[in-house]
Amino acid sequence: MAGDTRAWQRMLSGRRLDLIDPSPLDIEIADIAHGLARVARWNGQTSGAEVFSVAQHCLLVEALVGALAPQAATDARLAALLHDAPEYVIGDMISPFKAVIGGGYKAVEARLLAAVHRRFGLAAPAPPETLALIKGADRVAAFFEATRLAGFSTGEAQKLFGRPKIALADVEAYLEPARPAEAQRRFLRRFAELDESR
């Protein structure tokens, strides 16, 4: 029966997050950090003894926002850190597969991200200039991840993601795969730094 369908997930914090109609009250940063640190980017098809997690990707994107736009407001940087937060409950799917799935996935993802933004006092949705900044940083991150970790040639990555306007050396430290507990710790520390500076 449709009425019996469970659409929530229990979090380690004890919260029950409704995936279809998420409430900001059921979102905890500890749950987000825990989940993202255990979700692999590139479907786990990366080099290294550890996976490169979504938590690490989010840290990289936030650092790139700071490098590409040093004048960016703290809220924009926090939005960058949280840009893939929905993946703590719905996982990370590569972009080609998201395109095949289409609107349903994107709608769930957008509702979750809006709830995350409201929970942490960010505009939902983020302002267009913030979204553009994050999207640009996300593409640069994808280029570096693809060429450094996922086996793409430079030419192939440039066709898919464009040529970065920042040097790899500026963010190379963010591209070292880490154990989940360490990625979680770094994500929580950066969240706390940004949240405090608001």
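Calculation criteria
- Residues numbered from 1 in each chain as written.
- Predicted model: local features only at pLDDT ≥ 70, side-chain atom pairs only at ≥ 80, totals over all residues.
- Heavy atoms only, no water.
- Helix = DSSP H or I, 4+ residues; strand = E, 2+ residues; numbered from the N terminus.
- Contact = heavy atoms within 4.5 Å.
- Phe/Tyr/Trp six-rings, centres within 6.5 Å; stacked < 30°, edge-to-face > 60°.
- Buried < 20%, exposed > 50% of the residue type's maximum accessible area, 1.4 Å probe, protein only.
- Lys NZ or Arg CZ within 6 Å of the ring centre and 35° of its normal.
- Patch = residues over 30% accessible without salt bridge, like charges linked within 9 Å, V, L, I, M, F, W, Y side chains within 5 Å.
- Areas by Shrake-Rupley, 256 points an atom, 1.4 Å probe, with all protein chains shown as cover.
- Salt bridge = Lys/Arg side-chain N within 4 Å of Asp/Glu carboxyl O.
- Core = buried A, V, L, I, M, F, W, Y, C linked by side-chain atoms within 4.5 Å.
- Axes fitted to C-alpha atoms, helices over the stretch in contact; angles between N-to-C directions.
- Parallel < 35°, antiparallel > 145°, perpendicular 65-115°, else oblique.
- Left-handed = near helix turned anticlockwise from the far one by under 90°.
- Nonpolar A, V, L, I, M, F, W, Y, C, P; charged D, E, K, R; others polar.

Asks: So, the environment of Pro 164: which residues are in play, and what are the values?
Replies: If you trace the backbone, Pro 164 turns up in the loop between α8 (154-161) and α9 (180-197). Along the sequence, Pro 164 and Ile 94 sit 70 residues apart, while their C-alpha atoms lie 20 Å from each other. Sequence-distant contacts of Pro 164, that is, excluding residues within four places in its chain, are made with Val 140, Phe 143 and Phe 144.

Asks: A description of the packing of aromatic side chains should follow, citing residues and the corresponding values.
Replies: Inspection of every chain in the model, using the stated rule, returns five aromatic pairs. Aromatic side chains Trp 42 and Phe 161 sit 6.3 Å apart centroid to centroid with 85° between the ring planes, which places their arrangement in the edge-to-face category. Placement of the pair is Trp 42 in the loop between α1 (29-36) and α2 (54-68) and Phe 161 in helix α8, with a sequence separation of 119 residues. The exposure classification of Trp 42 matches that of Phe 161, with both residues buried. Aromatic rings pair up to connect Trp 42, Phe 152 and Phe 161 into one cluster. A cation over an aromatic ring shows up here: Arg 16 above the ring of Trp 8, its NZ or CZ 4.1 Å from the ring centre.

Asks: Go over unusual backbone geometry, please, and point to the residues and values.
Replies: Here the bond from Ala 124 into Pro 125 is cis, since omega is 0°, no more than 30 degrees from zero. Residue position: Pro 125 is located in the loop between α6 (103-119) and α7 (128-148). The backbone of Trp 42 shows a phi angle near 60°, a positive value even though the residue is not glycine. Looking at Trp 42, the relative accessible area reads 14%, which means it is buried.

Asks: I'd like a rundown of the environment of Glu 62, residues and numbers included.
Replies: With respect to the helices and strands, the residue Glu 62 is situated in helix α2. Using a relative accessible area of 2% as the deciding quantity, one classes Glu 62 as buried. Distance from Glu 62 to Arg 163, taken between C-alpha atoms, is 19 Å for residues 101 residues apart in sequence. Residues in contact with Glu 62, not counting those within four places in the same chain, are Arg 77, Ala 80, Leu 81, Arg 190 and Leu 194.

Asks: Requested: an account of a nonpolar patch on the surface, with residues and values cited.
Replies: On the surface, Ile 94, Phe 97, Val 100 and Ile 101 cluster together into a nonpolar patch covering about 370 Å² of accessible area. Its location among the elements puts Phe 97 in helix α5 (residues 95-101).

Asks: So what's going on with the nonpolar core? Which residues, and what values?
Replies: Within the largest apolar cluster, 56 residues are counted, with the highest numbers of intra-cluster contacts made by Ile 32, Leu 82 and Phe 187. Those elements that place two or more of their residues in this core are α1, α2, α3 (74-81), α4 (87-90), α6, α7, α8 and α9. Beyond its immediate stretch of four places on either side in the chain, Ile 32 contacts Ile 27, Ala 85, Tyr 88, Val 116, Phe 120 and Phe 187.

Asks: Talk me through the packing of α3 against α9; I want residue IDs and the actual numbers.
Replies: Where α3 contacts α9, the axes come no closer than 9 Å and their chain directions differ by 160°. Comparing the axis directions of α3 and α9 gives the class roughly antiparallel. At the point where α3 passes α9, the crossing takes the left-handed sense. Judged by residue contacts, Thr 74, Arg 77, Leu 78 and Leu 81 of α3 engage Phe 187, Arg 190, Phe 191, Leu 194 and Ser 197 from α9. Grouping the constituent residues of the contact of α3 with α9 by class yields five nonpolar, two polar and two charged.

Asks: Now, about α3: what can you tell me, with residues and values included?
Replies: α3 sits mainly inside the fold: six of its eight residues count as buried. All of the buried residues in α3 are Ala 76, Arg 77, Leu 78, Ala 79, Ala 80 and Leu 81.

Asks: Would you mind going over the environment of Asp 75 in detail, with residue names and values included?
Replies: In this structure, Asp 75 sits in helix α3. With relative accessibility at 35%, the residue Asp 75 sits in the partly exposed group. Sequence separation between Asp 75 and Asp 195 is 120 residues, and the spatial gap between their C-alpha atoms is 8.6 Å. With near-sequence residues (within four places) excluded, Asp 75 lies in contact with Gly 121, Leu 122 and Arg 198.

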